[in-house]
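Examination of the molecular architecture
In case you want the letters, here they are:
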Number of protein chains: 2
Amino acid sequence: MAAEIICVGTELLLGDILNSNAQFLAQQLAALGIPHYYQTVVGDNPTRLCRVIQTAIDRGAELLIFTGGLGPTPDDLTCETLAQFFDAPLIEDPEIVADIAQKYAQRGRVMNPTNRKQALIPQGAMVLPNPAGTAPGIIWQPRPSVTLLTFPGVPSEMQRMWRETAIPYLQSQGWGKSIIYSRTLKFWGIPESELAQKVRDYFDLTNPTVAPYAGKGEVKLRISAQAPSLETAQALIAPVEAKLREMGGMYCYGADEETLASVVGKLLQARGQTLSVAESCTGGGLGQMITAIAGSSSYFTGGAIAYNNSVKIRCLQVNPEDLATWGAVSATVAQQMARGVQQLLGTHWGLSITGIAGPDGGTEEKPVGLVYIGLAKPNGTVESFAHQFGHNQDRSAIRHLSACGALDHLRRELLTSVAIAEVST
Amino acid sequence: MAAEIICVGTELLLGDILNSNAQFLAQQLAALGIPHYYQTVVGDNPTRLCRVIQTAIDRGAELLIFTGGLGPTPDDLTCETLAQFFDAPLIEDPEIVADIAQKYAQRGRVMNPTNRKQALIPQGAMVLPNPAGTAPGIIWQPRPSVTLLTFPGVPSEMQRMWRETAIPYLQSQGWGKSIIYSRTLKFWGIPESELAQKVRDYFDLTNPTVAPYAGKGEVKLRISAQAPSLETAQALIAPVEAKLREMGGMYCYGADEETLASVVGKLLQARGQTLSVAESCTGGGLGQMITAIAGSSSYFTGGAIAYNNSVKIRCLQVNPEDLATWGAVSATVAQQMARGVQQLLGTHWGLSITGIAGPDGGTEEKPVGLVYIGLAKPNGTVESFAHQFGHNQDRSAIRHLSACGALDHLRRELLTSVAIAEVST
């Protein structure tokens, strides 16, 4: 009982739009436990669409989900093509005509003849109502082993139709009896291959499965279980998650929706401590990450964007002689920036970044990608960390990795150091 | 001579990631004038991948472009599967081994055995170098009528490999003889429907075509021409672009790769003037946008992330009584923040943002989405602008729209005001 997603639209082939419908439907099918192994994109072309339908049936799909091609214009051909493929006549549905006419009237417009096309559905098909637009879909079982669902390409309309009509229909037909539930563990500071090496035995599991993926400096392990209920799936996942967390150690910073910024935020909140930042090459990106978390005002005070050296000196009390001697991109200046913002804003922690994001500004001694992170701690000490990001990283990547790296250093410190408050009581 | 895009990855079938690679490649193929009629997504499963390859060949594809499944882990199977399908042995490429080892060494790490897998390529294939990561792709013509290109799934790596190696290769092989060339005009501050109404006659053109797109507060008009050469395409586009720019007036801020930040940067550079920022609800996002532009250090000095009111008072000289009377989110405080940072950092311009990004913190009088932007000018005056972003906008959108809106106000001021320097000479 496998499904296949078929997205129809020449605009997808031209790259004019991102295929977010495929992602939405994929997530929904996974959540319902309906397996699907292929997605296809095809243009508004009847011959090619027929070929795609045949291919899907040949490879065993029993549920075909179509998006796009339901509009009123001559190039919207999905419904006609399905009728043609399965050799059924198109019949005008009077309820759809009435519904479209009413929607036009609501907008103070008169329905025009081209809209009548949207009321034609194959004989034997049911209407899949579209409460948010004029193009309805269909639910159709043209053969005993083939069920078709069609949706318009507009994501908001498609999603509402899916939730309100398609899911109840599918469940009533016995689709989606088991569910797939996933947890994604997130790791920072370890290459994908190294993590994969550590946990390689887990890749052989079948339920739950464990799969790695990487991007933007972080590595994720997705644990997915198939089970008749959420509780059973969670019970299958829990011991594997515990083991993987143990093996990942400090590299594992969180799961699912958690970010480095949200995790640091929770740790600060738990201690009742505050944070300020001093940013050079990231230019505000670290502050932006931290304040992306709603409620961050309870622990994040603010900071200085010390892009120009004059700001480092004037606002952060960086020593001009040290700046001249060591350069703005140095452990000394990173430490002074962190200490400077900590004192300026009176926060428990001060976190700083100074580096060369490129593409210009690198030298042989200090190449593009060299970044220092400074961390001023509540106990009065200051530490710094040097990073050399690869020559292959561009300006945007270096800035992103620097901000994440800074948060990761703070996270590790918050996890391993004893809170001053705890010590003093 | 049609291409087909095949994206490999179970994470795509689970809906964990959005298939932006398919969109990028679709745009690129369109730009090169290489037709493509189908895109397929398939999981990390050799049997199903073989089936997809056969289907693509059966429906006439002569150029197969694969993304994903090139990593070091056991479930990355694209290259092995291709070798198996076309019955070629896998051979370890010593240059790839050396390249991977060197990349690990640069990061101070040792290459482990799983990485060697990435150095295996089918006999007869050429390496498609990956300057930004460890997983290289291949260029392979296993049969006279079939050319394969493989790319890793990480978008930044894939895109760079495409631009640096794949395009020159394809052109050298006679692919892409006619080209589609596009210019995208970008507009800020005007709703899509209003702009579409203004320029509606242009939507009927056939070469070049004009199509509108909207997203994240901006509207774009893409002008696309198909022609045998770049020069011919550009000549077709130029008069239409000129007309659309004229109709768009001040709403049109740039084209193609230009951003509000890059346009503001150029205007500041032309005047030899400097800018600083004071950010409350955006938390650094405005500074990050400005410093995303390489070379921004010549006009951007820095700023204050005044998230907490104490920073507004202490660093930006915001009057505590005004803060108490009018609240942090007010025209008065926005103006004082802009003036404060302008004076603190001694810049020509000071730009500030204070607002309620939500989801909490809104009141009946000051709802979520209320944002004030302050602009301190070189002539000593300060202005502020109020924005009320809609209830349908989330925290992230409100912050983005606020930062873009602030840059747009500065852009308009830079375009319409006379530079002090010009007046005084």
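In this report, we go over the structure that sits alongside the text. (Residues numbered from 1 in each chain as written. Chains lettered and ligands numbered in written order. Predicted model: local features only at pLDDT ≥ 70, side-chain atom pairs only at ≥ 80, totals over all residues. Heavy atoms only, no water.)

Once that is clear, we can look at the interface of chain A and chain B. In this complex, chain A contributes 79 residues to the contact, which on the side of chain B involves 83 residues. The contact between chain A and chain B buries some 6,200 Å² in all, and 54% of this surface belongs to carbon and sulfur atoms. Broken down residue by residue, the surface that chain A buries against chain B is led by L18(A), I305(A) and N392(A), which jointly contribute 10%. On inspection of chain A and its partner chain B, the count reaches 2 salt bridges. Put simply, R222(A) and D16(B) hold a salt bridge, and the shortest N to O gap is 2.4 Å. The tally of links from chain A across to chain B stands at 35 residue pairs in polar contact (both at pLDDT 80 or more). (Contact = heavy atoms within 4.5 Å. Buried area = accessible area lost by both parts, 1.4 Å probe. Salt bridge = Lys/Arg side-chain N within 4 Å of Asp/Glu carboxyl O. Polar contact = N/O pair within 3.5 Å; in protein donor to acceptor, adjacent residues only side chain to side chain.)

To continue, consider the pattern of salt bridges. Residues and elements named next belong to chain A. In total, this model carries 31 salt bridges over all chains according to the counting rule given. In this structure, E4 and R59 form a salt bridge, with 2.6 Å as the shortest nitrogen-oxygen distance. Note that E4 is positioned in strand β1 (residues 2-8) and R59 in the loop between α3 (46-58) and β3 (61-67), a separation of 55 residues in sequence. Close ionic contact of R116 with E92 constitutes a salt bridge, the shortest N to O distance being 3.1 Å. Pair noted here: R116 is in helix α6 (residues 113-116) and E92 is in strand β4 (residues 90-92), with a separation of 24 residues, a long-range link. Overall, R116 belongs to the partly exposed group, its relative accessible area being 41%. One salt-bridge network, held together by shared partners, links R183, E241, R245 and D256. (Helix = DSSP H or I, 4+ residues; strand = E, 2+ residues; numbered from the N terminus. Buried < 20%, exposed > 50% of the residue type's maximum accessible area, 1.4 Å probe, protein only.)

Moving on to the sheet that holds strand β2 (residues 36-42) of chain B. On the basis of which strands lie adjacent, the open sheet formed by 12 strands has the order β6(A)-β7(A)-β8(A)-β3(A)-β1(A)-β2(A)-β2(B)-β1(B)-β3(B)-β8(B)-β7(B)-β6(B) and mixed pairing. Looking along the sheet, the strands with just one partner apiece sit at the ends: β6 (126-128) of chain A together with β6 (126-128) of chain B. Neighbour-to-neighbour, the strand axes of the sheet open up by a mean angle of 20°, direction not taken into account. One ladder, built from 5 bridges, connects strand β2 (residues 36-42) of chain A with β2(B); its direction is antiparallel. Bridged to V42(A) within β2(B) is Y38(B). Contacting β1, β3, β7 (137-143) and β8 (146-151) of chain A, helix α4 (residues 78-85) of chain A crosses the sheet at an angle of about 10° to β7(A). (Pairing = 2+ DSSP bridges. Axes fitted to C-alpha atoms, helices over the stretch in contact; angles between N-to-C directions.)

A few words on unusual backbone geometry. Look at the link from G358(A) to P359(A): it is a cis peptide, with omega at 0°. Tracing the backbone shows P359(A) in the loop between β15 (349-355) and β16 (370-376). Residues other than glycine seldom take positive phi values, yet D87(A) does so here, at roughly 60°. By the element assignment, D87(A) lies in the loop between α4 and β4. Unusually for a residue other than glycine, Q317(B) sits at a positive phi of about 60°. In this fold, Q317(B) is placed in the loop between α12 (309-316) and α13 (320-326).

Helical geometry note: an α-helix holds 3.6 residues per turn, so side chains three or four residues apart project in the same direction. All names here are of chain A. In this model helix α7 (residues 155-172) runs 24 Å from its N-terminal to its C-terminal C-alpha over 18 residues, within 8% of the 26 Å that 1.5 Å per residue would give. Its axis deflected by about 45° at W162, α7 carries its strongest bend there. Those residues of α7 that sit buried are E157, M158, M161, W162, A166, I167, Y169 and L170. (Expected span 1.5 Å × (residues − 1). Bend = angle between axes of the 7 residues up to and from the residue.)

So, on to the packing of helix α2 (residues 20-32) of chain A against α7(A). Between two packed helices, the angle of one axis relative to the other and the distance separating the axes together describe the packing. Residues and elements named next belong to chain A. Running from N to C, α2 and α7 cross one another at 25°; their axes reach a closest spacing of 11 Å. In this view, α2 runs roughly parallel relative to α7, as classed from their interaxial angle. For the pair α2 and α7, the crossing hand works out as right-handed. Where α2 abuts α7, its residues S20, N21, F24, L25, Q28, L29 and L32 lie against P155, M158, Q159, W162, R163, I167 and Q171. Here the contact of α2 with α7 is composed, by residue class, of 8 nonpolar, 5 polar and 1 charged. (Parallel < 35°, antiparallel > 145°, perpendicular 65-115°, else oblique. Left-handed = near helix turned anticlockwise from the far one by under 90°. Nonpolar A, V, L, I, M, F, W, Y, C, P; charged D, E, K, R; others polar.)

What follows covers the environment of E194(B). Within the element layout of this structure, E194(B) appears in helix α8 (residues 192-198). Taking the C-alpha atoms as reference, E194(B) lies 32 Å from D360(B); in sequence the two are 166 residues apart.

A few words now on the packing of aromatic side chains. Geometrically, a pair of aromatic rings is defined through the distance of the ring centres and the angle of the planes. Residue and element names in this part refer to chain A. Tallied over the entire structure, the rule returns 8 aromatic pairs over all chains. Summarising the aromatic geometry, the rings of F151 and W162 are spaced 5.9 Å apart at their centres and angled 50° between planes, so their arrangement reads as tilted. In this pair, F151 sits in strand β8 while W162 sits in helix α7, placing the two residues 11 residues apart along the sequence. When its relative accessible area of 0% is taken as the criterion, F151 is described as buried. Since its relative accessible area comes to 0%, W162 is described here as buried. Taken together, the ring pairs connect F85, F86 and W140 into an aromatic cluster. Above the plane of the ring of Y38 lies R59, whose end atom (NZ or CZ) is 3.9 Å from the centre. (Phe/Tyr/Trp six-rings, centres within 6.5 Å; stacked < 30°, edge-to-face > 60°. Lys NZ or Arg CZ within 6 Å of the ring centre and 35° of its normal.)

Another aspect to go through is the sheet that holds strand β10 (residues 209-215) of chain B. All names here are of chain B. Pairing within the open sheet is antiparallel, and its 4 strands lie in the order β10-β11-β9-β12. Whereas interior strands pair on both sides, the edge strands pair on one side only; in this sheet they are β10 and β12 (252-255). Each strand axis lies, on average, 25° off the axis of its neighbour in the sheet, ignoring direction. Here β10 pairs with strand β11 (residues 218-227) via 7 bridges, running antiparallel. Counterpart to P212 in the pairing with β11 is L221.

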